[in-house]
Amino acid sequence: MKIILKIAAIGCFATGLALSVSHAQVLDDSTKNVYSSRTTFWFSEADIKALSDSLHVLDTLLYGLENFDAVDVSNHTLVDLGNNGTATRSLYYLFPSTIGATLGINAYDPYFIPSSEIKYFDTKSPWIKIKTVVGGSGRSVVDVGYSRNINPRWNLGVDFKLLTSDKQIGSSSSRGDRNVNSTTWDLYTSYKSKNEKYQLLFNVDRIKHQVLETGGIDVSEDASTAELFQYLDSPIKLTGVKAYDYKINFHLFQKYKITDELQIYYLLDKGRHDNSFEDPTPTNNASAYPNILITSDSTADLIQMRALLNEAGVLGKIGGLSYNFYLKQRYVTYNDRFSSPFGRQSESYGGAKINVRLFDVWDTDAKVEYLQGGLFDIEGRTTLPFLNLWLRSMRYKPGYQQLYYFGNHYSWVNDFEPQRADRLGGELNVKLGPVTLKPGLNLTRVANYVYFGADSLPHQSQSAAGQLLFNPSAAAELTIGKSFHLNPQVIYTAVTGADSEIWRMPEWLINTRFYYEGVWFNDYLPVQLGVDLNWKSTYYGHAYNPVIQQFYIQNSFAIDSYLTADVFLNFKVGNARYFAKMTHANQPGTADGYFISPYYPGQRRVFDLGVTWYFFD
């Protein structure tokens, strides 16, 4: 009943907000509001760099609406610590975002949208998005966006997101004992001159992500099932400690068109990334720490990175060929509370991007970027109606934290070599009547890989040949009759080569979505009703160390194979899309479940509700 009242209150709030900011509506001859998702579009900086005139439409689909946490959105290729907003890790190898310096901590990356990926809008009327999720066990998301054109060439917008989650294990109260408290906001604007030769994009993007760490459940290795799945009553390894991840970024992009064939641009990006771990009474958690290096009074570890990027380039379009040549200079600093071990470092890049598009059926992209010191990023992709092919080769710096760290409980200094990764992959797209088959393959070779070992310290693989990651996959889309749909996906993993034991992935990952889709009540109510299934084979997943906020190799806790089933109902009324979801509907009992990371139980059975509502006036 409380949940129903909350949803009703949210609906009243959204309606009141919409009315408070509304203005005179533009009506057509039939007195209907002409503003809708068909008059509101968005684009990105990547579209501008690619000289694409296409605008993207708003997402009004029901498919996947029920997925709101990072694990579900990733189609279970991510794992977390059993709660929305906690630290995450990809099951599979991911190329880094840059070949240059990074802080080296990316556990909270899924909760932050990089400035270069912010959406800019072209609206014919003020547009408001209100997304609210009221999840079971004290999990909630509020995501609000507002955008409007000041005139046809100038748009302003703002987004705000609040993510909160109560503890799922070891809570000191039944409600309100926060595990995660995260606030994200961005402010953006886009402008185009009257003659459309000059274009400007600007945004400020910030996240403050706070996690009250538990360290996982505190049980013996031979604990019984009843001891493993006590959830709120579980004893935990850490009490009273907090981790913070803070990012803020200022991003400016300007472009001037001399001719269609020759255009120039300039990009300025200034960012800050802070990460900290605090324990006001480390003696209370002494068993979780290997050392006390500074003081036993309190732990207040902090590492910071600052980056300033200047990029200038030329781009143009000649027939079906688009090009982009650029130079960029990046200045980075890294420091902790006591020192700045590397000083201010300068990185000089040069790069080129080429796109060839022919007859709207063949699309090929190529990219080469070089950083002084022998680092590079080479990427290519070809798209045909029935086939996608891709390759990538990268040699890149280890993260700063992997090279140097000094805190109250850990300390190291390393001189690691640059890491290397090469990937070749492809996917077929074959339609056979009501079935679409998508078999695929990724072959990835990784050398000089930096990882955290069982001692929670960074190590580098010494294998010159590296390891080969073999990932064949298969996906399908099957329509049964007119209303039933089946979407299975299978990913297989095999790793060969010296040091192959540093890679910990399930041999099999299987996702299946089965759902009914139709329109009820005289074509008024679009509906999806179905189930999402996920299964992974048994593997020794990475454990998590909250002090350094890194996942590390462990050999004592097996993540057993387990099938989860989420039952959902999605439907649409006007400009509002709703979902109701029973997460982990197949949980055997209240004292049973599964583990998503060592010592962190996966989400127990809960009921989640959500609404995404668009307003166009």
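Trainee: Where do I start with the overall build of the chain in this structure?
Mentor: A count of helical and extended segments in the chain gives five helices and 37 strands. Relative to a compact globule of 617 residues, whose C-alpha radius of gyration would be 25 Å, the chain shows 25 Å and is just as compact. Each principal axis of the C-alpha atoms in the chain carries an extent, and together these give about 75 × 60 × 50 Å. Taking all 617 residues of the chain together, the buried fraction comes to 50%. Counted over contacts in the chain with a minimum sequence separation of 6, partners at least 24 positions apart contribute 63%. Here the chain displays about 28300 Å² of accessible surface, and carbon together with sulfur accounts for 58% of that area.

Trainee: Looking at this model, I keep getting lost on the environment of Arg-357. Mind explaining?
Mentor: Mapping Arg-357 onto the fold places it in strand 15 (residues 344–358). Considered as a pair, Arg-357 and Thr-382 are 25 residues apart in the sequence and their alpha carbons are 9.8 Å apart. Every residue in contact with Arg-357, bar those within four places of it in the chain, is listed here: Gly-320, Trp-362 and Asp-363. There is a polar contact of 3.0 Å between the side chain of Arg-357 and the side chain of Asp-363.

Trainee: Looking at this structure, I do not really get a nonpolar patch on the surface. What am I missing?
Mentor: Together, Val-368, Ile-378, Leu-391, Leu-424, Leu-441, Leu-443, Leu-468 and Phe-470 make up an exposed nonpolar region whose accessible area comes to about 620 Å². Breaking the nonpolar patch down by element, the ones donating at least two residues are strand 23 (435–447) and strand 26 (467–480). By the secondary structure assignment, Val-368 is in strand 16 (residues 362–371).

Trainee: What is the right way to look at the pattern of salt bridges in this model?
Mentor: A pair can form between side chains of opposite charge whenever their charged atoms are brought close. Tallied over the entire structure, the rule returns 25 salt bridges. With its nearest N and O atoms 4.0 Å apart, the salt bridge here joins Lys-49 to Glu-45. With Lys-49 and Glu-45 both in helix 2 (residues 45–49) and four residues apart, this pair spans about one turn of that helix. Where Glu-66 meets Arg-513, a salt bridge forms, and the shortest distance between an N and an O atom there is 2.6 Å. Taken as a pair, Glu-66 in the loop between strand 2 (56–57) and helix 3 (70–73) and Arg-513 in strand 29 (residues 508–520) lie far apart in primary sequence, 447 residues in all. Comparing Glu-66 with Arg-513 shows no difference in burial state: the two are buried. When salt bridges with common partners are traced through the structure, they connect Lys-367, Asp-377, Glu-379 and Arg-392 into a single cluster.

Trainee: Is there a simple way to think about the side chain of Ser-90 in this case?
Mentor: The residue Ser-90 is located in strand 4 (residues 89–90) in this model. By relative accessible area, which is 15% here, Ser-90 ends up buried. A distance of 2.7 Å separates the side chain of Ser-90 from the backbone oxygen of Tyr-92, its partner in a polar contact. Residue contacts for Ser-90: discarding those within four places in its chain leaves Thr-77 and Leu-78.

Trainee: Would you explain the pairing of strand 18 (residues 387–396) in this entry?
Mentor: It is a general feature of regular strands that their side chains alternate between the two faces of the sheet. Pairing of strand 17 (residues 375–383) with strand 18, which is carried by eight bridges, proceeds in the antiparallel orientation. What sits directly across from Asp-377, in strand 18, is Met-394. Of the pairings in the sheet, the one linking strand 18 to strand 21 (residues 419–428) comprises 10 bridges and is antiparallel in character. Within the sheet, the bridge partner assigned to Leu-391 lies in strand 21 and is Leu-424.

Analysis parameters
- Residues numbered from 1 in each chain as written.
- Predicted model: local features only at pLDDT ≥ 70, side-chain atom pairs only at ≥ 80, totals over all residues.
- Heavy atoms only, no water.
- Helix = DSSP H or I, 4+ residues; strand = E, 2+ residues; numbered from the N terminus.
- Rg over C-alpha atoms; globule rule 2.2 N^0.38 Å.
- Buried < 20%, exposed > 50% of the residue type's maximum accessible area, 1.4 Å probe, protein only.
- Contact = heavy atoms within 4.5 Å.
- Areas by Shrake-Rupley, 256 points an atom, 1.4 Å probe, with all protein chains shown as cover.
- Polar contact = N/O pair within 3.5 Å; in protein donor to acceptor, adjacent residues only side chain to side chain.
- Patch = residues over 30% accessible without salt bridge, like charges linked within 9 Å, V, L, I, M, F, W, Y side chains within 5 Å.
- Salt bridge = Lys/Arg side-chain N within 4 Å of Asp/Glu carboxyl O.
- Pairing = 2+ DSSP bridges.

Interpretation in functional terms is not warranted from these geometric data alone.
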